[in-house]
Amino acid sequence: MSAKDRIREVNPEFYERYSKLEDTDEFWEFIVKPLRQSIRVNTLKAPLEVVVERLREEFELEPIPWVREGFFINVDNLAKVPEHGLGLIFGQEASSMIPPVVLDPKPGELVLDMAAAPGSKTGQIAQYMENEGCIIANDPKLSRANVLIANLNRMGVLIARVTTRDGAYFARFEKAFDRILLDAPCSSVGMIRKKWRFLEEWRLKGVIKYMNIQKRLIRAAYDALKPGGTLVYSTCTIDPLENEEVVDYLLRKTDARLEKIDLPVKTSEPVLEWEGREYSPELKKALRIHPNDNDTEAFFIAKITKPEGGE
Ligand SMILES: C[S@@+](CC[C@H](N)C(=O)[O-])C[C@H]1O[C@@H](n2cnc3c(N)ncnc32)[C@H](O)[C@@H]1O
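Residues numbered from 1 in each chain as written. Predicted model: local features only at pLDDT ≥ 70, side-chain atom pairs only at ≥ 80, totals over all residues.

### Some words on the overall build of the protein chain
- Helices and strands together make up the secondary structure of the protein chain, namely twelve helices and 14 strands.
- Since a compact globule built from 311 residues should have a radius of gyration of about 19 Å, the 19 Å found for the protein chain is in line with a globular shape.
- Principal axes of the C-alpha set define a box for the protein chain whose edges measure 55 × 50 × 35 Å.
- In the protein chain, once contacts between residues fewer than 6 apart in sequence are set aside, the share between residues at least 24 apart is 77%. (Helix = DSSP H or I, 4+ residues; strand = E, 2+ residues; numbered from the N terminus. Rg over C-alpha atoms; globule rule 2.2 N^0.38 Å. Contact = placed C-beta atoms within 7 Å.)

### Description of the environment of Gly156
- Within the fold, Gly156 resides in the loop between α8 (142-155) and β7 (160-163).
- C-beta crowding within 10 Å serves as the criterion here: with 17 such atoms nearby, Gly156 is assigned to the partly exposed category.
- Between the C-alpha atom of Gly156 and that of Thr43, which follows or precedes it by 113 residues, the distance is 9.8 Å.
- In contact with Gly156, not counting residues within four places along its chain, are Leu44, Lys45 and Gly87. (Buried ≥ 20, exposed ≤ 12 C-beta atoms within 10 Å, placed from the backbone.)

### Remarks on the sheet that holds strand β1 (residues 38-41)
- Read across the open sheet, the four strands follow the order β2-β3-β1-β4; overall the sheet is antiparallel. Looking at which strands have only one partner, the edges of the open sheet turn out to be β2 (61-63) and β4 (89-91). Mean inter-strand twist for the sheet, computed between neighbouring axes without regard to direction, equals 35 degrees. (Pairing = 2+ DSSP bridges. Axes fitted to C-alpha atoms, helices over the stretch in contact; angles between N-to-C directions.)

### Some thoughts on the packing of helix α1 (residues 3-10) against helix α3 (residues 25-32)
- Where α1 contacts α3, the axes come no closer than 8 Å and their chain directions differ by 65 degrees. Here α1 and α3 pass one another in a crossing that is left-handed. For the pair α1 and α3, the contacting residues are Ala3, Lys4 and Ile7 in the first and Asp25, Trp28, Glu29, Ile31 and Val32 in the second.
- For the contact of α1 with α3, the per-class residue count stands at five nonpolar, no polar and three charged. (Left-handed = near helix turned anticlockwise from the far one by under 90°. Nonpolar A, V, L, I, M, F, W, Y, C, P; charged D, E, K, R; others polar.)

### A closer look at the UniProt feature "active site" (unreviewed entry) in the protein chain
- Under the UniProt annotation, the feature "active site" (unreviewed entry) is placed at Cys236.
- A count of 26 C-beta atoms within 10 Å places Cys236 in the buried class.
- Contact partners of Cys236, with chain neighbours within four places excluded, come to Ser96, Cys186, Ser188, Gly190, Met191, Glu297, Ala298 and Phe299. (UniProt positions renumbered as here; feature names shortened; annotations may be inferred.)

### Topic: the UniProt feature "domain: SAM-dependent MTase RsmB/NOP-type" (unreviewed entry) in the protein chain
- Residues given the UniProt feature "domain: SAM-dependent MTase RsmB/NOP-type" (unreviewed entry) here are residues 27-307.
- The span residues 27-307 is 31% helix and 22% strand, and its two end C-alpha atoms sit 38 Å from each other.

### Describing the pairing of strand β3 (residues 70-73)
- Note that β1 and β3 share three bridges and pair antiparallel. Across the sheet, the residue bridging to Ile39 is Phe71, located in β3.
- Relative to β3, β2 is paired through three bridges, and the arrangement is antiparallel. Paired with Leu61 across the two strands is Ile73, which belongs to β3.
- The antiparallel hairpin formed by β2 and β3 contains six residues in its connecting segment.

### As for the pairing of strand β14 (residues 299-305)
- The element β14 is largely enclosed, with a buried count of six among its seven residues.
- When strand β13 (residues 287-289) meets β14, the two strands line up antiparallel, connected through three bridges. Paired with Arg288 across the strands is Phe300, a residue of β14.

### Comments concerning unusual backbone geometry
- Residue Ala117 is joined to Pro118 through a cis peptide bond whose omega torsion reads 10 degrees.
- Even without glycine at this site, Glu130 takes up a positive phi of about 55 degrees.
- With respect to the helices and strands, Glu130 occurs in the loop between α7 (120-128) and β6 (134-138).

### Structural notes on the nonpolar core
- Ranked by size, the top nonpolar core spans 86 residues in total, and within it Met114, Ile180, Leu182, Ala221, Leu231, Tyr233 and Ile301 carry the most contacts.
- In this structure, Met114 is in contact with Asn138, Gly167, Phe170, Ile180, Leu181, Leu182, Leu217 and Ala221, ignoring residues within four places of it in sequence. (Core = buried A, V, L, I, M, F, W, Y, C linked by C-beta atoms within 7 Å.)

### Overview of the confidence of the model for the protein chain
- Looking at the protein chain as a whole, the pLDDT averages 97, with 100% of positions reaching at least 70.
- Least confident of the elements in the protein chain is helix α9 (residues 197-200), whose mean pLDDT is 92; most confident is strand β5 (residues 110-113), at 99.
- With pTM at 0.98, the complex prediction returns an ipTM value of 1.00. (pLDDT = per-residue confidence, 0-100.)

The following block contains the structure:
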């Protein structure tokens, strides 16, 4: 049975909705195909070249084109690799390394990671900040915040303060943060490649629930952003209501601007019309990544800036 037929059988509503985005055999195959293992080398603990040289004695590493520290690796169980336990490498999906690259944080800055657990992106942000400055790593789910703390410890992150608030809480710190990552809770279509249940459990009402949370969080993130600062909005899903709709909402409600993202990554066209809604042509600057574009998880990434002297 083809991937398309399996998907149609398991969740016909899912098939109906996303065949309006793309309906190639390749698209459906990569929605369900198991993911390649990838790692990020943690340069907070050792130089990149040293770790890569050591790993190459045992494994094949294929560089990920859009992140210097990222590699695909031929390993079945990362937990058995000593470098993993030591925090020298971190298992992180290749497309999920893009948002921190786009955020481009600098040493000494104040950064908010609004939905941070389990912390793969917080670790990457700390790496780019060279452990100088401060990251507020927030996640309201206590069990996930515990994993976040454990991961930050293992990665040797010294500049994070972990908080467990609803992300909207940070709106009160008006214009406080140099950079903010909102890697939003979402319907996780991109994660079907890891967990089949995301396909079985997908419902449109879940998409709408997430969209409302995302709009609330992106508005709060923008309030907390300094004029001249950068906000990156990302999800690992393909639904336009959780992606273009949310960013379009921010563009309509505030003076936010979108910046072009220039990375060596294949993308699909952002959606500018969906179910009778029209979105700003500015959204062409966002990255919409379908799983078949680069054989990764699906991702959506928008780089938003607040003008100097902005609201
Ligand atoms: C996509 S995951 C984040 C992944 C993380 N950034 C990483 O790279 O490891 C989304 C997170 O949002 C958190 N979350 C859910 N509701 C939230 C809210 N109201 N405010 C902030 N975070 C929330 C979830 O607990 C979940 O850990």
